[in-house]
Amino acid sequence: MSPGAPQEGALGEGESARDEVLQPQQEREAAGEQEEDDGVEVEEEEETPTHLPFAPSSELLDDVTTVDPSYTISLIRQLLPQGSIVAKEFSAKQGDPEEKGENSENGESAQLESKDPWEECGCILWDLAASKPQAELMMNNLVLEVLLANLHVTQSPRVKEICIGIMGNLACHESLVDAISMQNGLITTVVDQLFLDDSACLSETFRFLAAVLRSSASVSWAEALLPDEILSRVLWIVGNTLNSTLLEKSIEFLSTIIDNQDVTAILLQPLIKVGFVDHVISLLASEIEKISDESKFDRSASRDLIFHFMEELSATDICLEVMSSSDQLIQVLDKIIKLPDKFEVSSYCASVVMILANLLADGKHIVPSLSHDLPFLEGLFDILPLVCDDNQGRNALWCILARLLAQAQGIDMNSSSLKQFVSLLLGKFTLIKDDLESHRVDKVDLSAEDTYLKHGISTSLSTICCIMERWIAEKSSLSEEEDPLTESTIENARKLLNYCQNYDM
């Protein structure tokens, strides 16, 4: 990577993690197909227009610091809206006679065709903006003024997308964010783009906003987002888009709000006021409904993203308070945990148990009903092998089991309930043993996390011992005629009891 490599969020051509910057034409070609509600057509790659200075070769673009500054400046010139004030300013700055921009109709194109020079130049600038030296050069040559002028006059979604995309890459360079934020009218103009209906434009807007909210200028941007109308619009987009890229970028934007304490202090309470947590829960419920519906568009990656975000919210006290009182969220988690085949949900089982562990810690009213829900407990044991490689998820799962089993054992069970619990525990003995035997820890090297886990495991095993001892004692006092239980079942119960009594991490 060149010395001028950008910070998080901006990538140039030739870099591997291309998901962070939505490359204009190249990204659409790689996608192979359009999203359901994306109205932007797939465009063919074209040669650089002949009226521009000679374009650098693809090898040179891999190291954009070698690109001739005059070439970059000429690209900016091609984006000038005809007759605009910025066109005169640009010409004066460059010492050129006034030129008319190549794009017609005041920066608009009646129909964006594959040979549109404005789009071609904009896409190249989009890529070049990922390089800090090139970004600095653009900033010194009125690129923000040019982009803002286009946003003010154009009705073309593609032109808007490219303008915001270039800004998004510029904003990924921390040293430039203050200058970007102080550009007259820019904050208001960008926030206004949230009311567009084009998914590609909205995706770029959310990507830009996420970048600036991670920067030193975050407070001024957070304050601009405060009106209820704007926050409600954001939540509406998150809850209604069918476009996977837009969903990803909008949730990343919301996640940035949670991650930045200064931004959280400004925006989280207003977001909750307009239904933030309930919107995310409803979105999650909607996605889970699609699992069993083969006619629905598969969005497993989106579900992963939503679950991880919900996990993040559950670690925030103010959000957890709302979540713990949501019957809809409990129903969603209950449905996932009770799925007989967890293959489709295996990737986010760790998030499910992390969310549930946080809910049970805050919403103690939930524990009694879940502790006697045997299919729910069975589902929890079935998750053990699915979180075996996730330490936090596994710790959370054992703590859930400890809390629920202790609650169940603490309430008097009748013989029927006791029998059902024993049957469940015997059926899951192999899963319990496999998990514990594959995660033995050297006592000398116990971390705080290991100590927390040890408590959850020891509490669970102690409770299992109590249940098994009571059941074995009850059966031993009965004659064979009273309870024709096979000796092998009692022997299996003794094996489980013996294992739990002698287990040592």
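Reading the values: rules and limits
- Residues numbered from 1 in each chain as written.
- Predicted model: local features only at pLDDT ≥ 70, side-chain atom pairs only at ≥ 80, totals over all residues.
- Heavy atoms only, no water.
- Helix = DSSP H or I, 4+ residues; strand = E, 2+ residues; numbered from the N terminus.
- Contact = heavy atoms within 4.5 Å.
- Areas by Shrake-Rupley, 256 points an atom, 1.4 Å probe, with all protein chains shown as cover.
- Axes fitted to C-alpha atoms, helices over the stretch in contact; angles between N-to-C directions.
- Parallel < 35°, antiparallel > 145°, perpendicular 65-115°, else oblique.
- Left-handed = near helix turned anticlockwise from the far one by under 90°.
- Expected span 1.5 Å × (residues − 1).
- Buried < 20%, exposed > 50% of the residue type's maximum accessible area, 1.4 Å probe, protein only.
- Nonpolar A, V, L, I, M, F, W, Y, C, P; charged D, E, K, R; others polar.
- Core = buried A, V, L, I, M, F, W, Y, C linked by side-chain atoms within 4.5 Å.
- Phe/Tyr/Trp six-rings, centres within 6.5 Å; stacked < 30°, edge-to-face > 60°.
- Salt bridge = Lys/Arg side-chain N within 4 Å of Asp/Glu carboxyl O.
- pLDDT = per-residue confidence, 0-100.
- Disulfide = S-S within 2.5 Å.

I would appreciate a short explanation of the overall build of the chain in the present structure.
Secondary structure assignment for the chain yields 27 helices and 0 strands. Pairs at least 24 residues apart make up 74% of the contacts formed inside the chain by residues separated by at least 6 positions. Of the accessible surface of the chain, which amounts to about 22,700 Å², a share of 49% is contributed by carbon and sulfur atoms.

Whenever I open this one, the packing of helix 22 (residues 374-383) against helix 23 (residues 391-410) confuses me. Can you help?
Helix packing geometry: the angle between the two helix axes and the distance between the axes. Packing of helix 22 against helix 23 leaves a shortest axis separation of 10 Å and a crossing angle of 155°. By the angle between their directions, the pair helix 22 and helix 23 is classed as roughly antiparallel. As helix 22 packs across helix 23, the resulting crossing turns out to be left-handed. Of the residues in helix 23, those in contact with Phe376, Leu377, Leu380, Phe381 and Ile383 of helix 22 are Leu397, Ile400, Leu401, Leu404 and Leu405.

Just to check I follow, could you spell out helix 15 (residues 261-273) for this structure?
For the α-helix, the turn length of 3.6 residues means that residues three or four positions removed from each other point alike. With 13 residues, helix 15 extends 18 Å from end C-alpha to end C-alpha; this agrees with the ideal 18 Å at 1.5 Å per step. Along helix 15, the positions that sit buried rather than exposed are Val263, Thr264, Ile266, Leu267, Leu268, Pro270, Leu271 and Ile272. Buried residues along helix 15 sit in contact with helix 11 (199-213), helix 12 (218-224), helix 13 (228-240), helix 14 (244-259), helix 16 (276-289) and helix 18 (317-323). Backbone geometry just after helix 15 places Gly275 at a positive phi near 95°.

Would you explain the packing of helix 14 against helix 17 (residues 300-314) in this entry?
Here helix 14 crosses helix 17 at 15°, and the two axes come no closer than 10 Å. Between helix 14 and helix 17, the angle is such that the two are roughly parallel. The handedness of the crossing between helix 14 and helix 17 comes out as left-handed. Residues Ser244, Leu247, Glu248, Ile251, Leu254, Ser255, Ile258 and Asp259 of helix 14 form the contact with helix 17, whose own contacting residues are Ser302, Leu305, Ile306, Phe309, Glu312 and Leu313. Classifying every residue of the contact of helix 14 with helix 17 by side-chain character gives 8 nonpolar, 3 polar and 3 charged.

Explain unusual backbone geometry here, please?
Where the residue is not glycine, phi is negative for most of them; where a peptide bond is considered, it is trans in most cases. Notably, Leu142 is not glycine yet its phi reads approximately 65°, a positive angle. Among the structural elements, Leu142 can be located in the loop between helix 6 (132-139) and helix 7 (143-153).

Even after reading the chapter, I still don't get the nonpolar core, so can you show me in this structure?
One broad trend across soluble globular proteins is that nonpolar side chains are buried collectively. If you look at the biggest cluster of nonpolar residues, it comprises 152 residues, and the most contacted ones within it are Leu170, Phe208, Trp221, Phe276 and Leu380. It is helix 20 (residues 349-362) that provides the largest number of residues to this core, a total of 10 residues. Beyond its immediate sequence surroundings of up to four residues, Phe276 is in contact with Leu235, Leu254, Ile258, Leu268, Leu271, Phe309, Leu313 and Cys319.

For this particular structure, what's the right way to read the packing of aromatic side chains?
Aromatic ring pairs are described here by two measures, namely the spacing of the ring centres and the angle between the planes. One pass over the structure, following the stated rule, counts 6 aromatic pairs. Look at Phe206 and Phe253: their rings are 5.3 Å apart centre to centre, the planes differ by 45°, and that puts the pair in the tilted class. Of this pair, Phe206 sits in helix 11 while Phe253 is found in helix 14, placing the two residues 47 residues apart along the sequence. A connected cluster of aromatic rings, assembled from ring pairs, spans Phe429, Tyr499 and Tyr503.

It is not clear to me how the environment of Leu305 should be interpreted in this structure. Could you clarify?
Note on placement: Leu305 falls in helix 17. Judged by relative accessible area, Leu305 falls into the partly exposed class, the value being 24%. Between the C-alpha atoms of Leu305 and Ile251, which are 54 residues apart in sequence, the distance is 7.8 Å. Not counting residues within four places of it along the chain, the set of residues in contact with Leu305 comprises Leu247, Glu248 and Ile251.

I would appreciate a short explanation of the pattern of salt bridges in the present structure.
Note on pairing: side chains with opposite charge can pair once their charged atoms come close. Scanning the entire structure with this criterion turns up 13 salt bridges. Residue Lys249 pairs with Glu248 through a salt bridge whose shortest N-O separation is 4.0 Å. Note on Lys249: relative accessible area 1%, which makes it buried. What makes Glu248 partly exposed here is its relative accessible area of 25%. Put simply, Lys335 and Glu289 hold a salt bridge, and the shortest N to O gap is 3.2 Å. Taken together, the positions of Lys335 in helix 19 (residues 327-337) and Glu289 in helix 16 put the pair 46 residues apart, joining distant regions of the chain. For Lys335, a relative accessible area of 33% gives the class partly exposed.

Just to check I follow, could you spell out the confidence of the model for the chain for this structure?
Low pLDDT means the predicted atomic positions in that stretch should not be read closely. Per-residue confidence for the chain gives a mean pLDDT of 81; residues scoring 70 or more make up 76%. Overall, residues 1-7 carries pLDDT values under 50, and its contacts beyond four positions in sequence, including any with other chains, amount to 11 contacts. Per-residue pLDDT stays below 50 along residues 11-61; that stretch engages in 117 contacts with residues further than four places along the chain or on separate chains.

Looking at this structure, how should I read the side chain of Thr256?
Along the polypeptide, Thr256 turns up in helix 14. By relative accessible area, which is 6% here, Thr256 ends up buried. Contact partners of Thr256, with chain neighbours within four places excluded, come to Ala210, Leu213 and Arg214.

Got a minute to help me understand the environment of Thr245 in this structure?
Among the structural elements, Thr245 can be located in helix 14. Sequence separation between Thr245 and Ser203 is 42 residues; the distance between their C-alpha atoms is 6.7 Å.

Sorry if this is basic, but what is going on with the environment of Ile411 here?
Among the secondary structure elements, Ile411 is positioned in the loop between helix 23 and helix 24 (415-427). Ile411 gets classed as partly exposed once you look at its relative accessible area, which sits at 37%. Residues Ile411 and His372, spaced 39 residues apart in sequence, show a C-alpha to C-alpha distance of 9.8 Å.

Is there a simple way to think about the state of the cysteines in this case?
Formally, a disulfide is one covalent bond, and it connects the sulfur atom of one cysteine to the sulfur atom of another. Within the structure shown, the criterion is met by 0 disulfides. Just so you know, Cys123 is unpaired, no disulfide at all, and the nearest cysteine sulfur is the one on Cys121, 9.4 Å from it. According to the relative accessible area criterion, Cys123 is buried, its value standing at 5%.

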